[in-house]
Amino acid sequence: MSALSASPPEECAVVPLEEECVTESSLSAEVSRRSGAPQVAVRGEARLEVDPETARIGITVGARGGDRRAALRDLTRRNNAALELLRSYGEAVEKIETGAFAISPELRPGRNERVRAYHGKVHLQAVIVDFTALGELTTRLADLELTSVSGPWWGLRPDSPVYRETRQQAVRQAVERAREYAEALGSELVGLIDLADPGAEPQLEMASAGYGAAYGAPPSGSMAGPPPALDLEPRRQTVNARVNARFTITPPAL
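Residue numbers here run from 1 along each chain, matching the order of that chain's written sequence. The predicted origin of the model limits local features to residues at a pLDDT of at least 70 and limits the giving and counting of side-chain atom pairs to 80 or more, whereas totals for whole chains, interfaces and linings rest on all residues. With hydrogens and water stripped out, all remaining heavy atoms of the structure feed into the side-chain values.

Asker: Break down the side chain of T147 for me, citing the residues and quoting the values.
Answerer: The way it works is that DSSP assigns letters per residue, a run of H or I at least four long becomes a helix, a run of E at least two long becomes a strand, and they are numbered from the N terminus. Locating T147 in the fold gives a position in strand β7 (residues 147–155). For the purposes of these results, a polar contact is taken to be a pair of N or O atoms within 3.5 Å, where, inside protein, one atom must be able to donate a hydrogen and its partner to accept one; residues adjacent in sequence count only when each atom of the pair is a side-chain atom. Polar contacts involving the side chain of T147 include one to the main-chain carbonyl oxygen of E145, which spans 2.8 Å.

Asker: Explain helix α2 (residues 68–87) residue by residue, including any values.
Answerer: In a helix, the anticipated span is given by 1.5 Å times the number of residues less one. Spanning 20 residues, α2 covers 28 Å between terminal C-alpha atoms, matching the ideal 28 Å at 1.5 Å per step. Categorising residues by exposure relies on relative accessible area from a 1.4 Å probe, with only protein chains included: less than 20% of the type maximum marks a residue as buried, more than 50% marks it as exposed, and the intermediate range marks it as partly exposed. By the burial criterion, the buried members of α2 are A71, L75, R78, N79, A82, L83, L85 and L86. Down the axis of α2, the buried side of the element spans an arc of 160 degrees, and every buried residue falls inside it. Summarising the geometry of α2, the exposed residues directed more than 90 degrees from the buried face are R69, R73, E84 and R87. We call two residues in contact when some of their heavy atoms are within 4.5 Å. Residues of α2 that are buried sit in contact with β4 (54–65), β5 (93–107), β6 (115–128) and α3 (134–142). Arc definition: it is the arc formed by the directions from the helix axis to the C-beta atoms.

Asker: Which residues make up the pairing of β7, and what values go with them?
Answerer: Burial runs high along β7: seven of the nine residues are buried. One bridge is not enough; two strands pair if DSSP finds at least two bridges between them. Note: β4 against β7, seven bridges, orientation antiparallel. Bridge pairing in β7 places G58 opposite S150.

Asker: Pulling in residues and values, what's your account of α3?
Answerer: α3 sits mainly inside the fold: seven of its nine residues count as buried. Those residues of α3 that fall on the buried side of the exposure criterion are L134, G135, L137, T138, T139, L141 and A142. In the core, the buried residues of α3 are packed alongside β4, α2, β5, β6 and β7.

Asker: So, the pattern of salt bridges: which residues are in play, and what are the values?
Answerer: Should a side-chain nitrogen of Lys or Arg be within 4 Å of a carboxyl oxygen of Asp or Glu, the pair is scored as a salt bridge. Enumeration over the complete set of coordinates arrives at nine salt bridges. For E136, the salt bridge goes to R140, with nearest N and O atoms at 3.9 Å. With E136 and R140 both in helix α3 and four residues apart, the pair spans about one turn of that helix. A relative accessible area of 39% places E136 in the partly exposed class.

Asker: Give a detailed account of the sheet that holds β5, specifying residues and quantitative values.
Answerer: A sheet is described by the order of its strands in space; here four strands give the open sequence β5-β6-β4-β7, paired in antiparallel fashion. If you trace the sheet from one side to the other, it starts and ends with β5 and β7, each paired once. Sheet twist, expressed as the average angle between the axes of neighbouring strands with direction ignored, equals 15 degrees. Both β4 and β6 contribute to a ladder of 11 bridges, which runs antiparallel. Bridging from a neighbouring strand, V61 pairs with V122 of β6. Helix axes use the C-alpha atoms of the stretch in contact, all axes being lines fitted to C-alpha atoms, and the angles between their N-to-C directions lie in the range 0 to 180 degrees. Sitting on the sheet, α3 touches β4, β5, β6 and β7, and the angle it makes with β7 is about 155 degrees.

Asker: How would you sum up the nonpolar core? Please name residues and give values.
Answerer: Nine residue types can take part in a nonpolar core, namely buried Ala, Val, Leu, Ile, Met, Phe, Trp, Tyr and Cys, and a core is a set of them joined through side-chain atoms within 4.5 Å. By size, the foremost hydrophobic cluster in this structure holds 25 residues, and its most contacted members are I57, I59, Y89, A126, I128, L137 and L141. Sorting the residues of this core by element identifies β4, α2, β6, α3 and β7 as the ones contributing at least two each. When near neighbours in sequence (up to four residues on either side) are disregarded, I59 contacts L86, V122, H123, L124, A126, L141, T147 and S148. In terms of nonpolar packing, the next biggest core, distinct from the first, is built from 12 residues, A241, V243, A245 and F247 among them.

Here it is as structure tokens:
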């Protein structure tokens, strides 16, 4: 009786030059590359236009007075009023952040260090996710005492699935383009040599529409009823992705 010998599985092969185990497809691509097989290099691109997911606004609250403590009291009161208004919108406002705070003296002209007045400012930022409340909220903020508003700056969340979708579309386009080039030569794709991001993530082209209230707006109590809400239309966002890819192909039929 002849002895039976079991052959190793074919899904893994050893490459002597690298002394490591690779799959059959990667071995084929490596052999093709080292044997001088023809290659095709392409770039895949994708561009998506989507609705924004967030709107960011900036709020600056100010105070001015001849006495430092009086200016601080006014600034604290107005800052609390702005924060209370933002928080009253609940989940429509995703994030509230306090930025820089400053209070500084204004000196009278001359050599004597005599203070004419004290100026105070607090900068706030808010991220709004419910755009139906955006127009009303911004006009109510702008109606507060010595409060200015800027924005909105439309954007996408850092973990938005739009980025992933755009990158994948760029890869699929690279494969399709390489296959078209190969077919034009009477060849077929053999394997992937490399796939590279050309130095940057998909670039978000953020366009902003700014508006603001003049510093020193009249107190809300001096007007009959709340101000009319602004009609703010979200600006669509453009996301771009690019990849560079190289493939090996079968010998062309020239």
